[in-house]
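For reference, the chains in residue letters:
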Amino acid sequence: MGSIITIKENCRKCYACVRNCPVKAIRVHSNYAEVIDDRCIGCGNCVKICSQKAKVIADHVGECRRLLAADNTPIAILGCSHPAFFHDLRSGQLVTGLRRLGFAEVHEGAAGVDLLRDSYRESLEKDQSYPLITTHCPTIVDLIEKHYPQLLKNLIGIVSPMVAIGRFIKSRTTVDTPIVYISSCIAGKFEITAEQTEGAIDCVVSYQELSQMFKGHNLDLKRLGETAFDGISPQRGRLFAISGGPFKAFDIDSEIINQDYLETEGEENAMEIIKDLAAGRISPKVVDIRFCNGGCIGGPGKNNRLTTFSKRNLIIEQHLDHHLYYRTKSTYLADLPLPDFSNTFSNKHKRPKTPSSERLRQILQATDKYKTKDELNCGACGYTTCREHAVAVYRELAVNNMCLPYSLKRLEEEHIKLTQKYELAQHALKQEFGETSIIGNDQRTKDVIKLIHQVGPTPTTVLIRGESGTGKELTARAIHAQSQRSDKPLVTVNCTTLTDSLLESELFGHKKGAFTGAINEKRGLFEAADGGTIFLDEIGDITPKLQAELLRVLDSGEIRSVGGNASTKVDVRLIAATNRNLEEGVTEGWFREDLFYRLNVFTITMPPLRNRLDSLDELLQIFIAKASTRVNKPLTGIEDRAVHAMRQYHWPGNIRELQNIIERAAVLTHDEIIRLENLPVIIGELILQAPEESNHDSLRSQRQKHVNQVEKNLLIRYLREAEGNVSAAARLAEIPRRTFYRMLNRNGLDGTSFKTSSQDEGFLRQKPS
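Residues numbered from 1 in each chain as written. Predicted model: local features only at pLDDT ≥ 70, side-chain atom pairs only at ≥ 80, totals over all residues. Heavy atoms only, no water.

### Points about the confidence of the model for the protein chain
- Across the protein chain, pLDDT averages 86, with 92% of residues at or above 70.
- Under a pLDDT of 50 for its full length, residues 692-696 has, in the predicted model, four contacts with residues more than four places off or in other chains.
- Counted against residues more than four places away or in other chains, residues 757-769, with its pLDDT under 50, gives two contacts. (pLDDT = per-residue confidence, 0-100. Contact = heavy atoms within 4.5 Å.)

In C-alpha cells:
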C-alpha cells in the first residue's frame, strides 16, 4: 500500500515530480499527475519538490492517536537520526514529551542496529560468488524488487534495524503491544506494510508529524525535565545514521583502497552503483547503499535549517554522550533467544510494454519529431531524451503535450489563428455596425457629438437617454473610442434579453455549483471588461436586487460572483442607456434613487429621427450604400417621391426603423433605384394624403391619432382573446411582455379590466366570507 497521496485539485501539471522521480513512477493524466504505487520506491522526491503540495505523505498521526487512546498503551521508538532533527533538545526531554503524549515506553532505534551485528557478520563470513547488498534502506530494497529484480539474489536476507527492534520488543513483551516508530524515512511507511515485515511495527510517524502532536498538546519540550530511555542502551548503533555508520556499527573493517567493501549515499551515486551491479561492471564483496544524501540524516523528514555536516556532528555527539540515562527493564536484559531477523524478498517487477520501431516513430512524429535533429532532448517533460518520453507515452505514463517545444509551437499556431479570427471579427463588426462616427448635420446631432468629445476622455459615468432606435449603443461606442480606454474591451449587455438570475450571473460571474446548471466556474462581464468599458442597455428594466448590486460596484469598484464570498476589484467605466423615464421610476419606487444619481452624472439625450430630418438625406445615402453591399445589388439612389413620403412619416422606430426599411426596399426594387412602391404601404399612403407641403404638420398629427387608435384597438382585441392575461396577450401579439406592458401604459389600458365574468365569479366564490 502506497503512502504518497496525490491531491488532484492542487496539481498544476508542472511535471516537477516527473523530472525528479528516479524511476518515473508518475502517471500524467489530463488535469493531474499521480504516483503509481507499483513503481514507487518511497524516496519522497515528489513530496519535497512539489510547490503546490499536490504530493503529500499519508498522515499516520490519526493512527498513532488511535493507538494512544487504546487500552494497550503503545511503545515509542526514536529513530537513529533524531538528534539531527531535534537539535535544540536533549534526548531526555524528548522522552518526557513522548511520555506526556501517553507512550508507555521510549526506546532508541539505534539498539536495533546492535541487534543485527551478529547476523551481518555471519552473512559476510559465507562464501559468495556475487556482491552482497545491505538491506537497511527500504528505498534501495524497493528499487531492486520493483526495477532491478536481477539483483534480488544480492540482497542480504536480514531485516532493517527498525523491524529488528520491533520484533525484539514484541518478543519480550506481547505480540499485541503496539509499536510506533518515529523516523525521517518515508519509505519506512511502505516497509511496515510489506508481507515479510508486517506486524513488527504498527505505525511510522515522521519527525514533523511528531512535532505537530507536541504542538497540539501545547507541550513546550524545552521547559520539560529529562526522563530515562527504556530498553537496551545502544553501543555503536547510534553512528548508523551518518555516512560510513553502518560498516562501523557492524564491525566491518573497510578501507578506502579496499574495493571489496563499498559504501555510498545519495540518489545519483545509488542509481549509478545499482546500474553497475546490474550490468556486472563491478564486483565488490559487500555494498552498503543508502538513497538519501549523508545517510539517514538526509531523509525527506530532515531539518533543512542544518547542513549535513552539522547534523553529522550532532549524531557523533550523541554517540559520545555517556550521560544518557537508561532505565532498562529486566525483561530486555534476560538471556533469552533473539527473534528471527531473517528476511526474504520478492520480485515485484512488472515487465513494461515495449513499442515497435514503427509505433515509436509515430509517437515521435505526433510531437513534430520527424528527424533525429528534431529530438532536442531538452528534458522539460521530465524524461532525459525524447525517445524515453515517447516510450512513456506508449506505456500511458506520459502525454504528448508534456513536450515543451511541441506545446510552444502549438501555442504559436493557436495565437496566429486567434489573431486571424480577431481581425476577421473586427472586420465583420465594422461591416455590421460601421464606424463609431455619428452621421448627421442637424444641430441636435452636432450637440450630441460635442458632448461625446467632452465626456469621452474622462472616466465619468454616462447615462444615454432616448427612444428606441435613436443610436444609443452607437453613442456608447463613440464615447469608448474617444476615451483613454479605447485599446481595452467594450462589453455591451442588453438587460432585457436575460432573466434576472442569468443577468446577475452574466454580469458578476458564478462559482461552480452556485445554482442548478453551474457545472463550471465562470467569469462575469464586469471582470471581462476590466480596464475597459461596459455598456448596459435598457438599464431601467433591471430588478431592485440587481440595482443594489450595481450600486455596490459603482461605490466600491468591487464585484462578488454568484455563490462566492470573496470580492474582486475591477476598473471599469460604466455607460448606461434607457428609453424609460427614470425620474418617474424613482417616484413610483421601481428604480433606486441612489442608483439614479450615481448614473445621472453626465446625461446625453438622443434626439428622435422625426426631430432631425435635416440629416435624412445623409442617412439615406449611408444606409443605401450598406444595403447595396448587404443584398448584393448595385443601388445608386432613391427617388424624390420616396424621400418626400419619408419626411411625412413620424418614425416611431427612429434610425433602426429607417435602416430596416431601406434594406427591405433594396430587396424589393427591380432596378438600381429605390422607389416609393418599394416602401411600406403606410409610408406610401402619406404622399397621397398630403399633396401639399404646407399641410405637413396637420397631416402628421392627424395620422398619429389614427395610428394610436389602431394600436389601442389591437391591444384591446388581444386582451379580450387572452381573457385579460397580459402574458398570453403578448404571445398572441408576438412581442416581448415588457414591450406589451409599455404599450398598455401608453394607451391607459389594464389587463384586469378584460377578465371574463366566469373568472370573476370564481374569484368571488374563493373569497372568505
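Additional details are given in the paragraphs that follow.
### Quick notes on the environment of Leu679
- Turning to its location among the elements, Leu679 is positioned in the loop between strand S20 (673-674) and helix H29 (681-689).
- Residue classification places Leu679 among the buried positions, given a relative accessible area of 4%.
- Sequence-wise, Leu679 and Ala642 are 37 residues apart; in three dimensions their C-alpha atoms are separated by 7.5 Å. (Helix = DSSP H or I, 4+ residues; strand = E, 2+ residues; numbered from the N terminus. Buried < 20%, exposed > 50% of the residue type's maximum accessible area, 1.4 Å probe, protein only.)

### Remarks on the packing of aromatic side chains
- Applying the stated criterion across every chain, the model contains twelve aromatic pairs.
- Plain terms: the ring middles of Tyr120 and Phe250 are 4.2 Å apart, the flat faces sit at 15° to each other, and that makes the pair stacked. Of the two residues, Tyr120 sits in helix H7 (residues 117-125) while Phe250 sits in the loop between helix H12 (245-249) and strand S10 (261-265), which places them 130 residues apart along the sequence.
- The exposure class of Tyr120 is buried, given its relative accessible area of 1%.
- Using a relative accessible area of 3% as the deciding quantity, one classes Phe250 as buried. (Phe/Tyr/Trp six-rings, centres within 6.5 Å; stacked < 30°, edge-to-face > 60°.)

### Focus on the nonpolar core
- Of all hydrophobic cores here, the largest spans 53 residues; its most connected members are Val18, Ile144, Ile274, Ile289, Phe291, Tyr383 and Met402.
- The residues contacting Ile144, other than those within four sequence positions of it, are Ile133, Pro149, Leu151, Leu152, Leu155 and Ile274.
- With 41 residues, the next largest nonpolar core counts Leu124, Val163, Phe168 and Ala249 among its residues. (Core = buried A, V, L, I, M, F, W, Y, C linked by side-chain atoms within 4.5 Å.)

### Describing the pattern of salt bridges
- In the structure shown here, the tally under the stated rule is 43 salt bridges.
- For the salt bridge of Arg580 with Asp541, the shortest nitrogen-to-oxygen distance reads 3.0 Å. On the criterion of sequence distance, the pair formed by Arg580 in the loop between strand S17 (573-578) and helix H24 (582-588) and Asp541 in the loop between strand S14 (533-537) and helix H23 (544-556) is long-range, its members being 39 residues apart.
- Accessibility expressed as a relative area gives 26% for Arg580, which makes it partly exposed.
- Overall, the relative accessible area of 8% leaves Asp541 in the buried class.
- Note that Arg742 and Asp541 form a salt bridge whose closest N and O atoms lie 3.9 Å from each other. Within this pair, whereas Arg742 is found in helix H32 (residues 737-746), its partner Asp541 is found in the loop between S14 and H23, the two being separated by 201 residues in sequence.
- One salt-bridge network, held together by shared partners, links Asp114, Arg117, Asp118, Arg121, Arg236 and Asp251. (Salt bridge = Lys/Arg side-chain N within 4 Å of Asp/Glu carboxyl O.)

### Brief notes about the sheet that holds S10
- Sheet architecture is open: three strands sit in the order S7-S11-S10, paired in parallel fashion. Every interior strand has two partners, whereas the edge strands, strand S7 (132-133) and S10, have only one.
- With five bridges connecting them, S10 and strand S11 (residues 286-290) associate as parallel partners. Counted as the bridge partner of Glu263 is Asp288 from S11.
- Its contacts with the sheet place helix H13 (residues 267-279) against S7, S10 and S11, and it is angled at close to 145° to S11. (Pairing = 2+ DSSP bridges. Axes fitted to C-alpha atoms, helices over the stretch in contact; angles between N-to-C directions.)

### Quick look at the side chain of Asp230
- By secondary structure assignment, the location of Asp230 is in the loop between helix H11 (207-216) and H12.
- Apart from residues lying up to four places away in sequence, Asp230 is in contact with Arg99, Ala104, Glu105, Val106, His107, Tyr326 and Arg327.

### Details of helix H26 (residues 616-631)
- Taking 1.5 Å per residue, 16 residues should reach 22 Å; H26 reaches 22 Å between its end C-alpha atoms and fits that length.
- Every buried residue belonging to H26 is among Leu616, Leu619, Leu620, Phe623, Ile624, Ala627 and Ser628, and all of these are buried. Projected onto a plane normal to the axis of H26, the buried residues spread over an arc of 165° and lie on a single side. Turned more than 90 degrees from where H26 packs its buried face, Gln621 and Thr629 sit exposed.
- Contacts made by the buried residues of H26 are with strand S19 (637-638), helix H27 (640-648), helix H28 (654-668) and S20.
- Among the residues trailing H26, Asn632 stands out with phi positive, at a value near 60°. (Expected span 1.5 Å × (residues − 1). Arc of directions from axis to C-beta.)

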